[in-house]
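Each chain is listed here by its residues.
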Amino acid sequence: MIATQDYFPLLRKKIKEIVNFNSEYYEEKHLRRRVAIRMRALDISSYREYLRLLERSEDERRKLMKVLTVNVTEFFRNPETYDVLRRDVFPELIRMKENTGSRVLRLWSAGCASGEEPYSLAILAKEVLGKREDFRVRIMATDIDNESLNKAKRGVYSRRELTGVRRDYIKKYFERMGESYRIIEELREMVTFERRDLISDRKYRAIDMILCRNVIIYFSKELKERLFLDFYESLNPGGFLVLGKTENLSGEARKKFKIYNNVERIYRKEAGPPSPHTFPRRY
Ligand SMILES: C[S@@+](CC[C@H](N)C(=O)[O-])C[C@H]1O[C@@H](n2cnc3c(N)ncnc32)[C@H](O)[C@@H]1O
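What you see is a predicted model, and the numbers here were worked out from it, not measured in a lab. (Residues numbered from 1 in each chain as written. Predicted model: local features only at pLDDT ≥ 70, side-chain atom pairs only at ≥ 80, totals over all residues. Heavy atoms only, no water.)

1. What about the overall build of the protein chain?
- Counting its secondary structure elements, the protein chain contains 11 helices and 10 strands.
- Computed over its C-alpha atoms, the radius of gyration of the protein chain comes to 20 Å, within 12% of the 19 Å expected for a compact globule of 283 residues.
- With the principal axes as the frame, the protein chain shows a C-alpha extent of 75 × 50 × 35 Å.
- A total of 283 residues make up the protein chain; the buried ones form 50% of that total.
- Taking all contacts inside the protein chain whose residues are at least 6 apart in sequence as the whole, residues at least 24 apart take part in 73%.
- Here the protein chain contributes 60 positive and 44 negative side-chain charges, whose respective centroids are spaced 1 Å apart. (Helix = DSSP H or I, 4+ residues; strand = E, 2+ residues; numbered from the N terminus. Rg over C-alpha atoms; globule rule 2.2 N^0.38 Å. Buried < 20%, exposed > 50% of the residue type's maximum accessible area, 1.4 Å probe, protein only. Contact = heavy atoms within 4.5 Å. Lys, Arg positive; Asp, Glu negative; His and termini not counted. Charge placed at Lys NZ, Arg CZ, Asp CG, Glu CD.)

Okay, structure coming up:
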């Protein structure tokens, strides 16, 4: 009997090389499922044939990247989490800053997709800070998917994409552009979008709150554990880490972070003596 070669391992390797996607750190199940979506659409039944197509077609590489990254998102996703951020976390951060004399809040939306999450944060910050003009809020928003990032930078959304945004927020923080709505300039200026791979790129430092929600679900166990420790290093003492509603802290990081709100998956780095990273750096 002639054994048929399984081309999946080769395909996985090629995805890293030619699609620029760190496939070895994602669960195999996830990769197989996502690749199958493209193969079905193309009516291709073997990995070998799909691999050939991937090697010669730039368009297919772009399409595969799109399905691999799963960009589903929305404004104020899991509103109850944002309620806790508004009611407890932001006031806590502001108090903390007042005690240290700093007036800059540095937030990071890691895996920001098309921008709904960082802009929700910007809206929340504006609401909490009200007329206080002594505070500056900088939001770093990163993702590996360039198409999503381009949409995020434009900040233009359809009416349907604004489901979940309060009417008064739409009035205050969006401007009409024909049938669409654009985030106002003041909020756009609070957010810096950048392509950064959570797996292989440099992490930010001196961050006060990291939101990494619905991003790591498909990452391998080892990678998740390493990433949580990286986040710990990225945070200022007293800083917060917010995961997705179904995600849990794991590995060494469980001993380092304190649970702040179990239901909303909010964790906190203990406030300690200022670390060398306490002062804002250039990013
Ligand atoms: C389902 S969306 C989540 C968006 C938003 N955080 C939310 O909860 O609504 C997941 C995002 O993570 C991004 N992503 C996946 N792997 C990544 C990586 N290694 N580095 C950075 N972003 C990544 C995807 O491109 C996608 O935009």
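2. What to know about the sheet that holds strand S1 (residues 104-110)
- The 7 strands are arranged S6-S2-S1-S7-S8-S10-S9 in an open sheet whose pairing can be described as mixed. Among the strands making up the open sheet, the edge pair consists of strand S6 (191-195) and strand S9 (257-261). Sheet twist, expressed as the average angle between the axes of neighbouring strands with direction ignored, equals 20 degrees.
- Where strand S2 (residues 136-143) meets S6, 5 bridges bridge the pair, whose relative direction is parallel. Directly across from Met140, in S6, lies its bridge partner Thr192.
- Lying on the sheet, helix H10 (residues 221-234) is in contact with S1, strand S7 (207-212), strand S8 (235-243), S9 and strand S10 (266-269); it crosses S8 at an angle near 140 degrees. (Pairing = 2+ DSSP bridges. Axes fitted to C-alpha atoms, helices over the stretch in contact; angles between N-to-C directions.)

3. Digging into the side chain of Ser57
- Along the polypeptide, Ser57 turns up in the loop between helix H3 (47-56) and helix H4 (58-69).
- On the basis of relative accessibility, which here comes to 16%, the residue Ser57 falls in the buried class.
- For Ser57, the side chain forms a polar contact with the main-chain nitrogen of Glu60, separated by 2.9 Å. (Polar contact = N/O pair within 3.5 Å; in protein donor to acceptor, adjacent residues only side chain to side chain.)

4. Regarding the site of the ligand
- In the vicinity of the ligand, 21 residues are found, and the nearest of them are Tyr26, Thr73, Arg77, Asp143 and Asn214.
- Note that an oxygen atom of the ligand is positioned 3.1 Å from one of the side-chain N or O atoms of Asn71.
- In the model, a nitrogen atom of the ligand is placed 2.9 Å from a nitrogen or oxygen of the Leu198 main chain.
- Across the shell around the ligand, the residue classes break down as 9 nonpolar, 5 polar and 7 charged. (Near = heavy atom within 4 Å. Nonpolar A, V, L, I, M, F, W, Y, C, P; charged D, E, K, R; others polar.)

5. Regarding helix H7 (residues 146-154)
- Along H7, the positions that sit buried rather than exposed are Ser148, Leu149 and Ala152. Projected down its long axis, H7 shows its buried positions confined to an angular sector of 100 degrees, all on one face.
- Residues of H7 that are buried make contact with H4, helix H6 (116-129), S2, strand S3 (156-157) and S6.
- Within two residues after H7, Gly155 carries a phi angle of roughly 70 degrees, on the positive side. (Arc of directions from axis to C-beta.)

6. Some thoughts on the sheet that holds strand S4 (residues 174-177)
- Strand order across the open sheet formed by 3 strands is S3-S5-S4, with antiparallel pairing between neighbours. The two strands at the open ends of the sheet, each matched to only one other strand, are S3 and S4.

7. Points about the state of the cysteines
- Scanning the entire structure with this criterion turns up 0 disulfides.
- This cysteine, Cys212, is not joined by any disulfide, and Cys112 carries the nearest cysteine sulfur, 11 Å off.
- You can call Cys212 buried: its relative accessible area is 0%. (Disulfide = S-S within 2.5 Å.)

8. Here we look at the nonpolar core
- One finds Phe75, Leu85, Phe90, Phe174 and Met209 to be the most contacted residues of the largest nonpolar core, which totals 45 residues.
- Among the elements that make up this core, the one with the highest residue count is helix H5 (residues 79-100) (8 residues).
- With residues up to four places along the chain from it excluded, the contact list for Leu85 reads Phe90, Pro91, Leu121, Leu124, Met209, Val242 and Ile266.
- In this structure, Val19, Val35, Leu54 and Trp108 belong to the second largest nonpolar core, which totals 43 residues. (Core = buried A, V, L, I, M, F, W, Y, C linked by side-chain atoms within 4.5 Å.)

9. Digging into unusual backbone geometry
- The phi angle at Asp43 is positive, at roughly 60 degrees, despite the residue not being glycine.
- Examined against the element boundaries, Asp43 turns out to sit in the loop between helix H2 (28-42) and H3.
- Relative accessible area serves as the criterion here: at 72%, Asp43 is assigned to the exposed category.
- Positive phi outside glycine occurs at Val70, with the angle close to 45 degrees.
- Along the polypeptide, Val70 turns up in the loop between H4 and H5.
- Assessed through its relative accessible area of 24%, Val70 is described here as partly exposed.

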